[in-house]
Amino acid sequence: MKIKPIPNFPDYLISDTGIVYSIAPRANRGRPAKPIIKSQWMRSGYKAVSFQLNGKECKRYVHNLLLETFVRPRPKGYQCRHLDSNPLNNNLSNLAWGTRSENQMDRLPIGRDNRGSKHGMSKLTEDQAKEIKKLGISANKKVRKIDNGGDYKRIAKKFHVSKSTVESIILGRTWGWLK
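S.K.: Is there a simple way to think about the packing of aromatic side chains in this case?
M.R.: Under the counting rule described, the total for this entry stands at 3 aromatic pairs. Each ring, one from Tyr-12 and one from Phe-51, has its centre 4.6 Å from the other, and the planes form 35 degrees; the classification is tilted. You can see Tyr-12 sitting in strand E2 (residues 9–15) and its partner Phe-51 sitting in strand E6 (residues 47–53), a full 39 residues away along the chain. Exposure remark for Tyr-12: the relative accessible area of 8% places this residue in the buried category.

Take a look at the structure:
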């Protein structure tokens, strides 16, 4: 296990397994560093720690502190990726900086994605989206013109969605992973 000082927080250390230690002289009264006791699991499912900085309480996610300490400061526009998509696993070997898109892609292999009918706002199932795609493609072949407004409107009415939703599905802007 490796332990390093946390940048910008001089009274604290962090291990590569995500344990935060206080080395503040007041808190430890001359004793060795001790694990911080104010860690908590947030509603988001991620572990956070609260500690003092210049007399003010500061709360930070453990996974971000780990990467900032052992890897580098967070690049602009990046977020912490849990490579196994498990927010409980705060081992350095499981963390990396990445884009939002990369972070979402990490969820796919274990089924934690919120695409399609898993999304809370979805009005359609995967089967309905496939049927819309099939109906839209057959409408394109029959009509042989670019503006399929009438056909899209008819399909939209059948599935109780908007014409733009139908168009997005047919053109692959949404539900594009479906075959």
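From this point, things continue past the structure.
S.K.: How should I be thinking about unusual backbone geometry in this particular structure?
M.R.: What you tend to see is this: most non-glycine residues have negative phi, and most peptide bonds are trans. Phi is positive for Asn-8, close to 70 degrees, though the residue is something other than glycine. Positioned with a positive phi, His-160 is a non-glycine residue whose angle comes to about 60 degrees. Assignment of secondary structure puts His-160 in the loop between helix H5 (149–159) and helix H6 (163–171). According to the relative accessible area criterion, His-160 is exposed, its value standing at 67%.

S.K.: Can you help me understand the confidence of the model for the chain in this one?
M.R.: As a general rule, the predicted coordinates of low-pLDDT regions are not to be interpreted in detail. The predicted model of the chain averages 80 in pLDDT, with 75% of residues at 70 or higher. Across the chain, the secondary-structure element scoring lowest on mean pLDDT is helix H1 (residues 25–28), at 56, and the one scoring highest is helix H2 (residues 62–70), at 96. Note that residues 142–148 has pLDDT below 50 and, in this model, 4 contacts with residues that lie over four places away or in other chains.

S.K.: Just checking my understanding: could you explain H6 for this structure?
M.R.: Helical periodicity: at 3.6 residues per turn, an α-helix aligns residues three or four positions apart in one direction. When we look at burial in H6, the residues that qualify are Val-166, Ser-168, Ile-169 and Ile-170. Gly-172 lies just past H6 and shows a positive phi near 80 degrees.

S.K.: Got a minute to help me understand the sheet that holds strand E5 (residues 39–41) in this structure?
M.R.: Strands belonging to one sheet form pairs held by backbone hydrogen bonds; the direction of such a pair is parallel or antiparallel. Strand order across the open sheet formed by 3 strands is E5-E6-E7, with antiparallel pairing between neighbours. Across the chains shown, the open sheet's two edge strands, defined by having one partner strand only, are E5 and strand E7 (56–61). Adjacent strand axes in the sheet meet at a mean angle of 30 degrees when their direction is disregarded. Strands in contact with H2 are E6 and E7; relative to E7, the strand with the most contacts, it is inclined by about 85 degrees.

S.K.: Sorry if this is basic, but what is going on with the pairing of E2 here?
M.R.: Remember that side chains alternate between the two faces of the sheet whenever the strand is regular. Among the 7 residues of E2, 5 are classified as buried, and the element is accordingly described as predominantly covered. Note: strand E1 (residues 3–6) against E2, 4 bridges, orientation antiparallel. Pairing of Ile-6 across the sheet is with Phe-9, part of E2. As consecutive antiparallel partners, E1 and E2 are separated by 2 residues, and within that stretch Asn-8 has a phi angle of approximately 70 degrees, a positive value. Across 3 bridges, E2 lies against strand E3 (residues 20–22) in antiparallel orientation. Within the sheet, the bridge partner assigned to Tyr-12 lies in E3 and is Ser-22.

S.K.: I'm lost on H2 in this one. Help?
M.R.: Where burial is concerned, most of H2 is hidden: 9 out of the 9 residues are buried. Taken together, the buried residues of H2 touch E1, E2, E6, E7, strand E8 (79–82) and strand E9 (95–98).

Thresholds, definitions, all that
Residues numbered from 1 in each chain as written. Predicted model: local features only at pLDDT ≥ 70, side-chain atom pairs only at ≥ 80, totals over all residues. Heavy atoms only, no water. Phe/Tyr/Trp six-rings, centres within 6.5 Å; stacked < 30°, edge-to-face > 60°. Helix = DSSP H or I, 4+ residues; strand = E, 2+ residues; numbered from the N terminus. Buried < 20%, exposed > 50% of the residue type's maximum accessible area, 1.4 Å probe, protein only. pLDDT = per-residue confidence, 0-100. Contact = heavy atoms within 4.5 Å. Pairing = 2+ DSSP bridges. Axes fitted to C-alpha atoms, helices over the stretch in contact; angles between N-to-C directions.

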